[in-house]
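# Observations on the three-dimensional arrangement
This is what each chain is made of:
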Amino acid sequence: MSSVVEVTQDGSVRVLSIDNPPVNGLGAAVRSALAEELTKALQDEGVEAIVLAGKGKFFCAGADIREFGKEPPPDTPHLPDVIDALEASTKPVVAAIQGVAAGGGLELALGCHGRVATADARVGLPEVTLGIIPGAGGTQRLPRLIGVAAALDIIVAGKLVPAPKAEKLGYVDQVVTNNANVIDAAKDYARAIVAGDKPFRRASEGTVEAEATVFDDVKTRIAKKARGFEAPYAAIDAVRASVELPIKEGFAREREIFVGLVDSVQAQAQRHVFFAERAIAKIPDVPKDTPAKEIRRVGVVGCGTMGGGIAMSFVNAGFPVSVLESNEEYLDRGLEKIRGLYASSVSKGRLSQEDMDQRMGRLQGTLEASELADADLVVEAVFEEMDVKKDIFRRLDEICKDDTILATNTSTLDVNEIANATKRPELVIGTHFFSPANIMKLMENVRGEKTSKETIATIMKLSKQLGKVGVLVGVCDGFVGNRMLYAYRQQADFLLEEGALPRQVDKALFDFGLPMGPFAMMDLAGLDIGWAIRKRQAPTRPKELRYSPIPDRICEMGRFGQKTGAGWYRYEEGSRTPVPDPEIEALVVEVSKELGFERREISDEEIVERCMFPLINEGAKILEEGIALRPGDIDIVWIYGYGFPRYRGGPMFYADTVGIDKIHETMVRLYKEQGEWMKPAPLLTQLAKEGKSFKDYAS
Ligand code: 3HC
Ligand code: NAI
C-alpha cells in the first residue's frame, strides 16, 4: 500500500483513495501511486471494477499548485498520462466525489467511466482563475460530455458547480444525499457497469459540434470581466480544438496551450494571489487557535453612506443589527436607502422578496444608544471627526456590556487615540470597510497598540463570516490602501501640470488594468471631501512641497464630480460616463503656464510608471514600518479594495516583475525633482542594492 493512495477491497471492487492532506492535491507522489495502483488493479484477476475516491473533506482539488513554475519540472508520470491510462482501463473506474473535485481533480473524474457525487459536492475547472487552462484533458472531455456551450460556461468562468447542477448538465452521473456513503454508491455504480446496467462510457470518445458563432459569443460576453486576462481566451481556443481536431490532437493542443501559460507572468501573478489570499489569515503572534468571541448581535452607529452599507453586510450574513442615528430624519433616510437597494435587487431578480423581507426584519433602527447595550460588536461609522468619534466611544464604553468589541470605520484617524478614550482599549479595533460597503469585499482590520489577540482573531473570523476579505494592518494615516493611493493620485495631478490631460492619464491606467483612472475615480468618489481636508491642512503644509492647485481650482468652480454633473469630466443627465471637458483641459493648460511648465508629450508608459512607482515606494515604507505584515497583504488590499488587476498580482508583485532596481532608479530621480516625500524607501534601496525582490523579502 502506498502512503498517498489508500487501497481497500470490497468483493471484486478495488477502492483507491487519495490520501494527501489538506486537499488531496495531485503532486508527483500521488500521480505515480495512482498509476501504480491502477496497473496492479488491472493485473489482479480478483478485481472487476475500481472506485477512485479521496480521503478527508475533499475528493481532490487538482494539481499541486506549488509544483507549477518550479525547476526542475515536476516528475513523471504527468497527470494527462495517468488520466489516459485510467480512461483506457478495461475494468470500469467510477469516481466517488465528496467536497470538491476541482481542476485536475475533476479531470481525473472525467477520465473515469462514471461519476457519483454527494449533493453538496462542487465540481469544476477553476484553472483560469490561476492564469492557466485545464491541462489534463478537461477542455476536450467536458465538451464531449455536455456540449460546447455548457463546457465553455464552466471552463471560462472557472467556477465550481454544485453537483446537482452538474448532474443535470451531464458530467455527474448520480447524486447521492449528503449522509449516504458516496463510496458505497460508487461501488454499486461500478458493479452496474460491470453488469451492463450502466454504460461503460469513455468521455474522450465521439465528436462534438458547435455553432460557428459560439466562441465569438463567449468572447463578447466576457469582454468586460476578462479584460486583460489571457487565460479565459486561451481556454476558449482549447475548447475550440475539441470541435475542430480529433481527440489526440485536441489533447496535444490543450497541452501546448497549458504549457505556454503555466510559467507566464499572469499565471505566476495569479498563483501569488491564490496563496496571498490564504496567507492573510496567518498572523504570526495571533495563532490559529486563539479563541474568537462569538458575535451574535451587532450595533452600527451612523446610517450614512458607510453605516448603511456596513449594516447591510451584517444583515446579509444573517446577523441581527441595530443601527443608531442621531435624529429621526437621518435614520429614516438611511433605512429608506437600504430598503431601496434591496428593492432594486428584487426588481432585477437578484434577490427574492422573501429574502428581502427577512433581511429587513433583521435590521432595526434606533435613536437610543442604550439599545446597543447587548451587542457583542458595535461598528462606528459617523463623521470623520476625532472629537465626535471619541465622544461616541466614551458613551459606548459606558453603555455596552463589558466584553463588547468596539470597532471604528475611520479612514484616516488614529485608532489608538480613539481606543484610549475608552476603558477597554484591548477591545477596540478599526474595521475599515470600503465603499459601497455592502458590495466591496475588502476590510482593512486596523490593529491598535492595545488591541487584544482575541479581538483580532474575532474580527478576522468575522470578515470571513461576512464574505469579506480581511487584511490586518497597523495604525497610520490612510492605513495601507489610502496611504498608497495618495502617492499615486498626487503624481497624476503633477502629470497634468507637465503636459498630460485627465483623459490621457485615465486611459493609460485603465489600459494598465485598473477599473478606471484616478480622475474618473475622484469624480465617482466626490471631490469636496478632499478639498475640505486640503483647506484644513493648508496653514501647516510645508511650502517647499510641490502642490498642484488644479484640484482646488476645479472645486472652486462648484464641480464636485458625478454628484454635481461635473468634476474632472462632464456628465450628461443621468449618465455616469465621463465626457472630456474642454473647459477643464483649458484650465490644465492654463495652470501649466502659470506654474512655468513647458508642456511636453508624455507617454502612457511614463504615466504608469509615475503613478505606480511612488505607490509601490509607499508600500515599501508600509512594510518596513510593520503596518502590513507581508507584501502579499498589500497586494490583496489593492486587488480587493481598488480593483488592481489580479493578473498583475497586486502592486508589490508587479514591482518584482518590473524590477526593483528600475523602480528605485525612478524614485531617486523623483526625489531629486520633488523632494522629501518622494524619498526612496530604505527597504527599496536595500532590495535594489542587493538585487532582491519583495518576494525575497517575504520569504
Ligand atoms: N495545490 C496546492 N495547495 C492547495 C491546493 C492545490 N491545488 N488547493 C488548496 N491548497 C492548499 C491551500 O493553499 C491551503 O494551504 P494552507 O493551509 O497552507 O494555507 C490549504 O490547501 C487549504 O486550502 P483552503 O484554505 O483554500 O481551504 P478551503 O477549504 O477554503 O477550500 C478548496 C478548499 C475549495 C479546494 C480550495 O483550496 C481551492 O479552490 N483550491 C484550488 C482548486 C484549484 O484551483 N484547482 C486547480 C489546480 S490547477 C490544475 O488542476 C491544473 C490541471 O488542469 C492540470
Ligand atoms: P456620512 O456623512 O454619509 O454618514 C455619517 C452618519 O453618521 C450620518 O448619517 C450622521 O447623521 C451620523 N451620525 C453623526 N453623528 C452621530 C452620532 N453621534 N450618533 C449617531 N449617528 C451619528 O459619512 P460616511 O461617508 O458614511 O463616513 C462615515 C465614516 O466612514 C467616516 O469615518 C469616514 O471616514 C469613513 N469612511 C468613509 C468612506 C466613504 O467612501 N464614504 C470609505 C471608508 C470609510
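Residues numbered from 1 in each chain as written. Chains lettered and ligands numbered in written order. Predicted model: local features only at pLDDT ≥ 70, side-chain atom pairs only at ≥ 80, totals over all residues. Heavy atoms only, no water.

## Concerning unusual backbone geometry
Cis geometry is found at the peptide bond from Pro21 to Pro22, where omega equals 5°. With respect to the helices and strands, the residue Pro22 is situated in the loop between strand 2 (13–18) and helix 1 (28–43). Cis rather than trans, the peptide bond between Ser435 and Pro436 has omega equal to -5°. Along the polypeptide, Pro436 turns up in the loop between strand 15 (428–433) and strand 16 (442–447). Not every positive phi belongs to a glycine, and Phe479 is a case in point at roughly 50°. (Helix = DSSP H or I, 4+ residues; strand = E, 2+ residues; numbered from the N terminus.)

## A closer look at the sheet that holds strand 8 (residues 161–162)
In space, the three strands of this open sheet follow the order 5-7-8, with mixed pairing throughout. Edge strands, defined here as strands with exactly one partner in the open sheet, are strand 5 (100–102) and strand 8. Judged from the two bridges that link them, strand 7 (residues 122–124) and strand 8 form a sheet pairing that is antiparallel. Each bridged residue has a counterpart across the sheet, and for Val123 the counterpart in strand 8 is Val161. (Pairing = 2+ DSSP bridges.)

## What to know about the sheet that holds strand 15
Pairing is mixed across the open sheet formed by eight strands, whose spatial order is 12-11-10-13-14-15-16-17. Both outer strands of the open sheet, strand 12 (363–366) and strand 17 (469–474), are each paired with one neighbouring strand and no more. Between one strand axis and the next, the sheet turns by 25° as a mean value, whatever way the strands run. Sheet topology note: the strand 10 (residues 298–301)/strand 13 (residues 377–380) ladder contains four bridges and is parallel. When the sheet's bridge partners are listed, Val301 is paired in strand 13 with Glu380. Along the sheet face, helix 13 (residues 328–347) touches strand 11 (321–324) and strand 12 and points at about 165° away from the line of strand 12. Along the sheet, helix 15 (residues 386–399) contacts strand 10, strand 13, strand 14 (405–408) and strand 15; its crossing angle with strand 14, the most-contacted strand, is approximately 165°. (Axes fitted to C-alpha atoms, helices over the stretch in contact; angles between N-to-C directions. Contact = heavy atoms within 4.5 Å.)

## Overview of the domain arrangement of the chain
One can read the domain layout of the chain as domain 1 (5–263), domain 2 (298–475) and domain 3 (482–698). In this structure, domain 1 and domain 3 have C-alpha centres spaced 45 Å apart. With four residues of domain 1 in contact, the opposing surface of domain 3 contributes seven residues. Carbon and sulfur atoms make up 55% of the area that domain 1 and domain 3 hide from each other, which totals about 410 Å². Sorting the residues of domain 1 by area buried against domain 3 places Arg227, Gly228 and Phe229 first, and these three jointly supply 91% of that buried surface. Where domain 1 packs against domain 3, one counts zero salt bridges. Our enumeration of links across domain 1 and domain 3 arrives at two residue pairs in polar contact (both at pLDDT 80 or more). Across the side of domain 1 that touches domain 3, the residue classes break down as one nonpolar, two polar and one charged. (Domains from an automatic or database assignment. Buried area = accessible area lost by both parts, 1.4 Å probe. Salt bridge = Lys/Arg side-chain N within 4 Å of Asp/Glu carboxyl O. Polar contact = N/O pair within 3.5 Å; in protein donor to acceptor, adjacent residues only side chain to side chain. Nonpolar A, V, L, I, M, F, W, Y, C, P; charged D, E, K, R; others polar.)

## Some thoughts on helix 4 (residues 138–146)
The buried fraction of helix 4 amounts to nine of the nine residues, a majority that puts the element mostly inside the structure. Positive backbone phi, approximately 90°, marks Gly147, located one or two places after helix 4. (Buried < 20%, exposed > 50% of the residue type's maximum accessible area, 1.4 Å probe, protein only.)

## A few points about the site of ligand 2
Of all residues adjacent to ligand 2, which total 21 residues, the nearest are Met306, Glu325, Glu384, Lys389 and Ser411. A distance of 3.2 Å separates an oxygen atom of ligand 2 from a polar backbone atom of Val382. Relative to its unbound accessible area of 830 Å², ligand 2 is 79% covered by the protein chains. At the level of secondary structure, the elements contributing two or more residues to the shell around ligand 2 comprise helix 12 (305–316), helix 15 and strand 15. (Near = heavy atom within 4 Å. Areas by Shrake-Rupley, 256 points an atom, 1.4 Å probe, with all protein chains shown as cover.)

## So, the site of ligand 1
Contacts to ligand 1 come from 22 residues, most closely from Gly104, Glu107, Glu127, Arg278 and Lys282. At 3.0 Å, a backbone N or O of Gly135 approaches an oxygen atom of ligand 1. Protein contacts shield 76% of the accessible area of ligand 1, which totals 990 Å² for the unbound molecule. Those elements that place two or more of their residues in the shell around ligand 1 are helix 3 (104–110) and helix 11 (265–279). Considering every element that reaches the shell around ligand 1, the biggest residue donor is helix 11, with three residues. When grouped by side-chain class, the residues that make up the shell around ligand 1 number 13 nonpolar, four polar and five charged.

## Looking at the packing of aromatic side chains
All told, the structure shown has 12 aromatic pairs when counted by the stated rule. Here Phe314 and Phe319 contribute two aromatic rings whose centre-to-centre distance is 5.7 Å and whose plane-to-plane angle is 80°, an arrangement assigned as edge-to-face. Take Phe314: its relative accessible area is 1%, and that puts it in the buried class. Taken together, the ring pairs in this structure connect Phe434, Phe512, Trp638, Tyr642, Phe644 and Tyr654 into an aromatic cluster. Taking NZ or CZ as reference, Arg546 lies 4.0 Å from the ring centre of Phe494, over its face. (Phe/Tyr/Trp six-rings, centres within 6.5 Å; stacked < 30°, edge-to-face > 60°. Lys NZ or Arg CZ within 6 Å of the ring centre and 35° of its normal.)

## Side note on the environment of Val128
Relative to the assigned elements, Val128 resides in the loop between strand 7 and helix 4. According to the relative accessible area criterion, Val128 is buried, its value standing at 7%. As for Val128 and Pro232, which are separated by 104 residues in sequence, their C-alpha atoms are 5.9 Å apart. Non-local contacts of Val128, meaning those with residues more than four positions away in its chain, are made with Ile155, Val156, Ala157, Gly158, Ala231, Pro232, Ala235 and Gln270.

## Description of the nonpolar core
The biggest cluster of nonpolar side chains holds 79 residues, and the ones touching the most others in it are Trp568, Met612, Ile616 and Phe694. In terms of residues, this core owes the most to one element, helix 24 (residues 604–624), which gives 10 residues. With sequence-adjacent residues up to four places away left out, Trp568 is seen in contact with Asp493, Leu496, Pro502, Phe519, Met522, Asp523, Leu527, Ile550, Pro551, Ile554 and Ile584. (Core = buried A, V, L, I, M, F, W, Y, C linked by side-chain atoms within 4.5 Å.)

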